[in-house]
Amino acid sequence: MADDRRQQILKAALDVFMRYGYRRATMDDIAREVGKSRPALYLSFPSKEALLIGVVEMGHDAMFRAIEAGLPGQGSLSARLEYVFELWSVRSFEQIARSPAASELMNGNYAFASDVFERGAKRLEAILSGIIRAGVAAPAALHPSAEVRARIMIAAAHGFKTVAKDTQEMRAFLHDLVRMTVAGLPAEGGPSRPPRPPRPRKARRATN
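The rules behind each value
Residues numbered from 1 in each chain as written. Predicted model: local features only at pLDDT ≥ 70, side-chain atom pairs only at ≥ 80, totals over all residues. Heavy atoms only, no water. Core = buried A, V, L, I, M, F, W, Y, C linked by side-chain atoms within 4.5 Å. Buried < 20%, exposed > 50% of the residue type's maximum accessible area, 1.4 Å probe, protein only. Helix = DSSP H or I, 4+ residues; strand = E, 2+ residues; numbered from the N terminus. Contact = heavy atoms within 4.5 Å. Salt bridge = Lys/Arg side-chain N within 4 Å of Asp/Glu carboxyl O. Phe/Tyr/Trp six-rings, centres within 6.5 Å; stacked < 30°, edge-to-face > 60°. Lys NZ or Arg CZ within 6 Å of the ring centre and 35° of its normal. Expected span 1.5 Å × (residues − 1). Axes fitted to C-alpha atoms, helices over the stretch in contact; angles between N-to-C directions. Parallel < 35°, antiparallel > 145°, perpendicular 65-115°, else oblique. Left-handed = near helix turned anticlockwise from the far one by under 90°. Nonpolar A, V, L, I, M, F, W, Y, C, P; charged D, E, K, R; others polar.

## Details of the nonpolar core
Part 1 of the reasoning: In terms of nonpolar packing, the biggest core is built from 32 residues, with Leu81, Val84, Leu128 and Leu174 touching the most fellow members.
Part 2 of the reasoning: Within the residue set of this core, elements represented by two or more residues are helix H4 (48-70), helix H5 (77-98), helix H7 (114-135), helix H8 (146-163) and helix H9 (167-182).
Part 3 of the reasoning: Per-element accounting of this core gives the leading share, 9 residues, to H5.
Part 4 of the reasoning: In contact with Leu128, other than residues within four places in its own chain, are Leu81, Val84, Phe85, Ala150 and Ile154.

So, in structure tokens, the structure goes:
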């Protein structure tokens, strides 16, 4: 199947999933959206599950292209990390807030799609850990490592979606998460450890 035709079908499937939710959507709905018969649609995608996997992969690819395109324009380590979470977490949070169908699509427990979600998380972890390593002095000496820090940030950001009341609070949570992660890290080109405080002077002995 030509790539442009595949993308057309996946975009139609995404529109239907966002309109009805994954569980309520049918292959008939998607076939009508794309202008194909249901048997013809099955020739391209054997099941609704295969369509969801394709939709998630398409969304991840678009997200990572946007992240990679915008990162060079970000300045500090904090700014780069916040930029990634703005695209990855804040935008999806806004979609979920606008649409119950989006919430089901993004937060549903789809065991058949676990591999594609895991691959997306690994790609995100690689980007975040790369940003951290590039922004600090002696990255190999970090404890915990850049990879562990990235994993913790992803888990925290996922949890924020369940407690944030609105986009402003979600963004504030992520801002504080980045500040906590970056605090105390040795900046690239800077000292590898904080300067020692001056030693207290010894008291002079009294003389007669």
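## What about the pattern of salt bridges?
Part 1 of the reasoning: This structure, assessed with the given rule, holds 11 salt bridges.
Part 2 of the reasoning: Put simply, Glu33 and Arg19 hold a salt bridge, and the shortest N to O gap is 3.2 Å. In this pair, Glu33 sits in helix H2 (residues 27-34) while Arg19 sits in helix H1 (residues 3-20), placing the two residues 14 residues apart along the sequence.
Part 3 of the reasoning: Overall, the relative accessible area of 43% leaves Arg19 in the partly exposed class.
Part 4 of the reasoning: One continuous salt-bridge network, built from bridges that share partners, spans Arg6, Glu57 and Arg119.

## Some details on the packing of aromatic side chains
Part 1 of the reasoning: Here the structure, examined in full by the defined rule, presents 6 aromatic pairs.
Part 2 of the reasoning: These aromatic residues form a ring-pair network of at least three members: Phe17, Tyr22, Tyr110 and Phe112.
Part 3 of the reasoning: Taking the ring centre of Tyr22 as reference, the NZ or CZ of Lys48 above it sits at 4.5 Å.

## What about the side chain of His60?
Part 1 of the reasoning: In this fold, His60 is placed in helix H4.
Part 2 of the reasoning: Excluding anything up to four places from it in sequence, His60 contacts Trp88, Val116, Phe117, Gly120 and Arg123.

## Quick word on H7
Part 1 of the reasoning: Under the 1.5 Å per step criterion, the end-to-end length of H7 is 32 Å for 22 residues, consistent within 8% with the ideal 32 Å.
Part 2 of the reasoning: Regarding H7, the residues found buried are Val116, Gly120, Leu124, Glu125, Ile127, Leu128, Ser129, Ile131, Ile132 and Gly135.
Part 3 of the reasoning: The secondary structure elements touched by the buried residues of H7 are H4, H5 and H8.

## Digging into H8
Part 1 of the reasoning: With 18 residues, H8 should cover 26 Å at 1.5 Å per step; its first-to-last C-alpha distance of 26 Å lies within 8% of that length.
Part 2 of the reasoning: Buried residues belonging to H8 abut H5, H7 and H9.

## Describing the packing of H7 against H8
A pair of packed helices can be characterised by two numbers: the angle between their axes and the separation between those axes.
Part 1 of the reasoning: Close contact between H7 and H8 brings their axes to 8 Å; oriented N to C, the two are set at 125 degrees. The angle between H7 and H8 falls in the class oblique. For the pair H7 and H8, the crossing hand works out as right-handed. Seen from H7, the contacting residues are Ala121, Leu124, Glu125, Leu128, Ser129, Ile132 and Arg133; seen from H8, they are Ala146, Glu147, Arg149, Ala150, Arg151 and Ile154.
Part 2 of the reasoning: Grouping the constituent residues of the contact of H7 with H8 by class yields 7 nonpolar, 1 polar and 5 charged.

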